[in-house]
Amino acid sequence: MDDLIERYIHYLKYERNASPHTVRNYQSDLVQFRDFLVGKDKGAAVDVKAVNALRIRAFLSHLFQMQEKKASIARKLAAIRAFFKFLARERLIAENPAAGVSTPKLEKKLPRIMTEEEMNTFLDRVAEAAQSGEPAILRDRAILELLYASGLRVSELAGLDLRNVNFGDAFVLVRGKGDKERIVPFGSKAKGALEAYLPARERLLQETRTGCTALFLNVYGQRLTTRSVDRILKRYVRTYVPGVNVKVSPHSLRHAFASHLLAEGADLRAIQEMLGHKSLATTQRYTQVSIKQLMDVYDRTHPKA
């Protein structure tokens, strides 16, 4: 089974262009499943043709007993299902034994996002701080404005090069999941923040002589990491909106981007395109619209309202 897992991981990396995060999680999940199948006999081989739905359900039951979260169990089942689907397609097994195993029912619960007013207040305070001209704050303001203005994934933002930004037409060319490219517009506030940051970026490159092409650089003139972006956002939230009762992350800004656009009447399919989602159902999960907003839309648009 180890050889087949490696073969599947190679397929994910080089044929599906899966993200490193996905590859790492799927490999870990499949190794955990293999360890469950062999039990105490760690050196035993696993015949994938002998794995059936009962063994897979037993593994899920084991995970529940270990008090794993439902979302984690669902992800592990997805990895197993995809692995056996691959084996069936390669004709290494007759059928996918995981196809009929039900996914644990997940709670459809989203964390509260910052409201439009909270977001505007937050970004205005960051803009005031950036008037000091300090290079790090100019960069950080540009990061935060662009995250909210575009709804980019944090990995997409960190992966941007300067050449990906079209300042004339105010859009970025993004390479998203599956190595697919898309064009995402951004507004005047983000454009202004980016333009204010560029001279500081150029000075940093001259000082460090790295020649790095990344849009957002650390103090050493190298590409900023996703973890650094997360730390930057949380530091500014603690400083400028310390009382806000909301968990803030780069991903929550992506939720806010989608929800606030929808609340202002944007087309859901346009939002789907900007977010880079394959499925409209995924986009719908990203949006949070209040009952009052829905009623306002109804009152304005329904002929019998």
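Here we summarise the structure given alongside this text. (Residues numbered from 1 in each chain as written. Predicted model: local features only at pLDDT ≥ 70, side-chain atom pairs only at ≥ 80, totals over all residues. Heavy atoms only, no water.)

## What about a positive patch on the surface?
Here is step 1: A cluster of basic side chains, namely Arg16, Lys85, Arg89, Lys180 and Lys278, defines a positive patch on the protein surface.
Here is step 2: Of note, Lys278 is situated in the loop between α11 (268-275) and α12 (280-286). (Patch = residues over 30% accessible without salt bridge, like charges linked within 9 Å, V, L, I, M, F, W, Y side chains within 5 Å. Areas by Shrake-Rupley, 256 points an atom, 1.4 Å probe, with all protein chains shown as cover. Salt bridge = Lys/Arg side-chain N within 4 Å of Asp/Glu carboxyl O. Lys, Arg positive; Asp, Glu negative; His and termini not counted. Charge placed at Lys NZ, Arg CZ, Asp CG, Glu CD. Helix = DSSP H or I, 4+ residues; strand = E, 2+ residues; numbered from the N terminus.)

## Considerations on the nonpolar core
Here is step 1: Phe122, Leu194 and Phe216 are the most contacted members of the largest nonpolar core, which totals 54 residues.
Here is step 2: Breaking this core down by element, the ones donating at least two residues are α5 (116-130), α6 (135-150), β2 (171-175), α8 (188-208), α9 (226-240), α10 (250-263) and α11.
Here is step 3: The dominant element in this core, judged by the number of residues it contributes, is α6, at eight residues.
Here is step 4: When sequence neighbours within four positions are dropped, the list of residues in contact with Phe216 reads Arg139, Ala142, Ile143, Leu146, Leu157, Leu194, Tyr197, Gln222, Arg223 and Leu224.
Here is step 5: With 31 residues, the next largest nonpolar core counts Tyr26, Phe33, Ile56 and Leu60 among its residues. (Core = buried A, V, L, I, M, F, W, Y, C linked by side-chain atoms within 4.5 Å. Buried < 20%, exposed > 50% of the residue type's maximum accessible area, 1.4 Å probe, protein only. Contact = heavy atoms within 4.5 Å.)

## Considering the side chain of Arg153
Here is step 1: By secondary structure assignment, the location of Arg153 is in the loop between α6 and α7 (154-158).
Here is step 2: Other than its neighbours up to four places away in sequence, Arg153 contacts Gly176, Lys177, Arg182, Arg254, Leu275, Gly276 and His277.

## Things to note about the environment of Gly159
Here is step 1: Here Gly159 shows up in the loop between α7 and β1 (165-166).
Here is step 2: Distance in space between the C-alpha atoms of Gly159 and Leu215 is 8.1 Å, their sequence separation being 56 residues.
Here is step 3: For Gly159, the residues in contact, after removing those within four places along its chain, are Asn164 and Arg223.

## Examining the pairing of β2
Here is step 1: Burial along β2 is one-sided: Val172 and Val174 are buried, and none of Phe171, Leu173 and Arg175, which face the opposite way, are.
Here is step 2: Inspection of the sheet shows β1 paired to β2 by two bridges, in the antiparallel sense. Following the sheet pairing, Asn166 is matched in β2 by Phe171.
Here is step 3: A loop of four residues connects β1 with β2, the two strands running antiparallel in sequence, and Ala170 in this loop sits at a positive phi of about 55 degrees.
Here is step 4: Of the pairings in the sheet, the one linking β2 to strand β3 (residues 181-185) comprises five bridges and is antiparallel in character. From the neighbouring strand, Val172 faces β3, where its bridge partner is Val184.
Here is step 5: What sits between the antiparallel neighbours β2 and β3 is a turn of five residues, in which Gly178 has the positive phi angle 70 degrees. (Pairing = 2+ DSSP bridges.)

## Topic: unusual backbone geometry
Here is step 1: One non-glycine residue with positive phi stands out, namely Ala170, at about 55 degrees.
Here is step 2: Tracing the backbone shows Ala170 in the loop between β1 and β2.
Here is step 3: Phi angles above zero are rare outside glycine, and Arg209 is one such case at about 55 degrees.
Here is step 4: With respect to the helices and strands, Arg209 occurs in the loop between α8 and α9.
Here is step 5: We classify Arg209 as exposed; its relative accessible area is 73%.

## Some words on the pattern of salt bridges
Here is step 1: Within this structure, the stated rule accounts for 15 salt bridges.
Here is step 2: Residues Asp35 and Arg34 are paired through a salt bridge, measuring 2.6 Å at the closest nitrogen-oxygen approach.
Here is step 3: For Asp35, a relative accessible area of 30% gives the class partly exposed.
Here is step 4: Among the ionic pairs, Arg139 bridges to Asp140, the shortest N-O distance being 2.8 Å.
Here is step 5: Residue Asp140 is classed as buried on the basis of its relative accessible area of 1%.
Here is step 6: Shared partners join several salt bridges into a network, and the residues in it are Asp2, Arg34 and Asp35.

Function-wise, these values are silent; they only describe arrangement.
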